Amino acid sequence: MTQFSLPLAPATSVHELDRDDVESYYIPGGKVYERFFECPLDYKQSQSSQRICVFARHIVPLGKENQMHKLPFILYLQGGPGFECRFPGSVKSGWYATAIEENYQILLVDQRGTGLSSPINANTLKHSTVAAQVEYVSHFRADNIVRDCESIRQILCQGRTDPELQKFALLGQSFGGFCITTYLSMFPSSISRALITGGVPPLVDRPDPVYQATYQHMIVRNQQYYAKYPRDVARVRAIIKHLNFVDVALPDGGRLSPRRFQQLGLSFGFTGGFDSVHQHVLRAASDLETAGCLSTHTLAAISADQDFDTNPLYCILHESIYCQNGNASNWAAHRIRKEHFADQFEHRWDHIERRDDPNSPVFFTGETVYPWMLDDYAELRKLKDVAHGLAEYTGWGQLYDTDVLAANTVPVAGVSYYNDMFVDFSLSERTAQSIKGFHQWVTNEFHHNGLAVSARVPKYLFQLLKGDITDL
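Here the structure is a predicted model, which is why all the values come from computation and not from measurement.

Rules behind the numbers
- Residues numbered from 1 in each chain as written.
- Predicted model: local features only at pLDDT ≥ 70, side-chain atom pairs only at ≥ 80, totals over all residues.
- Heavy atoms only, no water.
- Helix = DSSP H or I, 4+ residues; strand = E, 2+ residues; numbered from the N terminus.
- Rg over C-alpha atoms; globule rule 2.2 N^0.38 Å.
- Buried < 20%, exposed > 50% of the residue type's maximum accessible area, 1.4 Å probe, protein only.
- Areas by Shrake-Rupley, 256 points an atom, 1.4 Å probe, with all protein chains shown as cover.
- Lys, Arg positive; Asp, Glu negative; His and termini not counted.
- Charge placed at Lys NZ, Arg CZ, Asp CG, Glu CD.
- Phe/Tyr/Trp six-rings, centres within 6.5 Å; stacked < 30°, edge-to-face > 60°.
- Pairing = 2+ DSSP bridges.
- Axes fitted to C-alpha atoms, helices over the stretch in contact; angles between N-to-C directions.
- Contact = heavy atoms within 4.5 Å.
- Polar contact = N/O pair within 3.5 Å; in protein donor to acceptor, adjacent residues only side chain to side chain.
- 1 Å grid on protein atoms, 1.4 Å probe; cavity = no way out; pocket = protein on both sides within 12 Å on 5 of 7 lines; lining within 4 Å.
- Points joined across faces, edges and corners; volume = space filled by probe spheres on them.

A count of helices and strands for the chain gives 20 helices and 9 strands. The globule rule puts the C-alpha radius of gyration for 472 residues at 23 Å, and the 23 Å found for the chain is close to it. Looking at the chain as a whole, 58% of its 472 residues are labelled buried. On the chain, roughly 19,400 Å² of surface is accessible, and the fraction owed to carbon and sulfur atoms is 48%. Taking the average location of the 43 positive side-chain charges in the chain and that of its 52 negative ones, the two points are 1 Å from each other.

Written out as structure tokens, the structure reads:
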């Protein structure tokens with residue numbers, strides 16, 4: 001694998017928080033320190049294993065820079081899998097401000113394989129055999145993400161005498177909540193409290209039950225979309241017909257197939273998602289009416305809304321987040337769609353045209369990955385063999401310990417969105433009930449990105465843990 005030269009912590013007796021060679025700068029509300037840590041690729045062979053780099057953006061509240069050794073840490077775990085933490089620009093609003101109000105300093109970790117943490121892409125994997133690539137990428141799941149965070153905790157909290165200040169508080173969005181549940185299973189004594197937003201994971205050992213549920217949610221969201229934009233029924237049918245007969249190349253070298261266009265429905269899971277998809281549909285339909293083809297502007301906008309090329313782990317490692325006990329995913333979403341939902345999510349124009357209703361809508365898909373993506377996405381093409389290898393991989397271990405979760409003593413609160421298109425509410429509720437002491441907030445006020453759109457979400461969860469809210 002390609003090696004990186006980054007400013008890792010030197011092997012000295014100087015505490016990480018006291019290093020004077022760490023790059024730092026101010027943003028509104030805080031001072032940022034950019035820290036790099038060296039971690040083993042394989043913790044089971046930690047002494048002999050290859051090393052990887054893990055990046056953490058450390059933010060200290062403005063005016064408290066000299067209190068780094070005393071302030072408790074809150075670690076944010078990003079959604080995904082396969083996404084780095086976004087640079088906040090400011091910590092004077094949103095959940096950042098709530099965390100600072102709660103007297104925390106903030107850690108934003110790029111999970112291994114993303115961002116600045118030994119990123120995985122076609123360039124970094126190209127010098128290896130397929131078998132070695134599969135073995136390498138197999139180490140980038142939640143269990144090792146958690147081990148990285150635990151290693152960082154031990155470094156940053158070294159020397160603290162108060163046992164509570166030696167612990168991390170955790171905040172996890174979506175897949176970040178999956179990681180928190182793994183953290184609770186593996187290192188519960190290292191956690192002071194945990195907050196999960198839209199990410200209470202299903203405790204399954206294979207992906208099939210997840211997609212059986214989430215395809216149902218996709219159907220409902222499509223019905224709601226077309227109820228809001230009824231004229232888009234004809235527009236989408238015209239676009240899908242065009243894409244069936246014309247091979248449309250995207251500016252980045254990818255291909256806009258009918259199935260890839262349907263993937264715009266991933267946005268249906270977010271607040272404002274209907275409106276963003278409608279804009280794509282409106283522009284594409286207008287292009288076809290006026291010019292008979294799709295413009296570069298339209299194609300570039302569609303491509304920019306699809307993250308699989310820029311964050312390839314979101315595709316190639318996606319279904320593995322549901323795999324335990326040696327179960328392979330075997331392209332579960334593709335299988336479930338073909339076996340149970342082929343008609344509802346049909347993309348072939350000759351099949352659509354034969355429907356009884358000549359004006360039936362073409363449904364969009366959601367947060368699902370498919371083997372044909374390895375042909376339609378330019379960067380994913382280069383990872384085709386490793387993606388298939390990971391889909392067939394049977395070496396997945398345990399991510400959750402149900403006995404430890406049942407005996408949990410860590411204060412945990414989580415919000416489950418009743419209409420969440422990505423994380424099925426029923427499966428999440430079952431998990432919440434299996435974690436001792438879990439404070440669950442159920443609401444239909446937000447979609448999957450509630451944490452990003454409303455500061456009320458983290459505030460409410462902190463209140464739950466404090467006992468400020470009793471009318472549950």
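Let us keep going from here.
Another point: the packing of aromatic side chains. Across all of its chains, the model carries 32 aromatic pairs by this definition. With centroids separated by 4.8 Å and ring planes inclined at 70°, the aromatic side chains of phenylalanine 83 and tyrosine 314 adopt a geometry described as edge-to-face. Taken together, the residues phenylalanine 83 in the loop between strand E4 (73-77) and helix H1 (94-101) and tyrosine 314 in helix H11 (residues 313-316) connect sequence positions 231 residues apart. Here the two residues phenylalanine 83 and tyrosine 314 agree in accessibility, since each one is buried. With 5.3 Å between their ring centres and 10° between their planes, tyrosine 370 and tryptophan 372 make a pair best called stacked. By the burial criterion, tyrosine 370 is buried, and tryptophan 372 matches it. Following the ring pairs from residue to residue traces out a cluster consisting of Tyr225, Tyr226, Tyr229, Phe261, Phe268, Phe274 and Phe364.

On a regular strand, each side chain points to the face opposite its neighbour's, so the side chains alternate between the two faces of the sheet. Burial analysis of strand E3 (residues 51-61) places 10 of its 11 residues in the buried class, which makes it a mostly covered element. Bridge analysis of strand E2 (residues 30-40) against E3 gives 11 bridges, and the strand direction is antiparallel. Of the residues in E3, the one forming a bridge with glutamate 38 is cysteine 53. Two elements, E3 and strand E5 (residues 105-109), share 4 bridges in a ladder whose sense is antiparallel. Counterpart to histidine 58 in the pairing with E5 is leucine 107.

Moving on to the sheet that holds E4. Strand order across the open sheet formed by 9 strands is E1-E2-E3-E5-E4-E6-E7-E8-E9, with mixed pairing between neighbours. Looking at the sheet topology across the chains shown, the edges are occupied by strand E1 (24-27) and strand E9 (438-443). Each neighbouring strand pair of the sheet contributes to a mean axis angle of 25°, computed without reference to strand direction. Relative to strand E8 (residues 412-417), strand E7 (residues 191-197) runs parallel, the two being bridged by 4 bridges. Directly across from threonine 197, in E8, lies its bridge partner valine 415. Sheet contacts for helix H4 (residues 142-156): E2, E3, E4, E5 and strand E6 (168-173); angle to E2, the most-contacted strand, approximately 115°.

A word on the side chain of serine 190. Relative to the assigned elements, serine 190 resides in the loop between helix H5 (175-186) and E7. According to the relative accessible area criterion, serine 190 is buried, its value standing at 5%. With near-sequence residues (within four places) excluded, serine 190 lies in contact with Glu150, Arg153, Lys167, Phe168 and Tyr183.

Relative to the helices and strands, glutamine 440 is located in strand E9. Using a relative accessible area of 21% as the deciding quantity, one classes glutamine 440 as partly exposed. Excluding residues that lie within four positions of it along the chain, glutamine 440 makes contacts with Gly414, Ser416, Phe425, Ser428, Glu429 and Ala432. Within polar-contact distance, the side chain of glutamine 440 engages the side chain of serine 416 at 3.1 Å.

This paragraph deals with the layout of surface pockets. As a volume, the largest pocket reaches approximately 1,100 Å³. Contributing to the lining of the largest pocket are 34 residues, with Gln78, Arg86, Phe270, Asn449 and Ala452 lying nearest its centre. For the lining of the largest pocket, the secondary structure elements donating two or more residues are H1 and helix H19 (450-453). In terms of residue count, H1 provides more of the lining of the largest pocket than any other element does, 3 residues in total.

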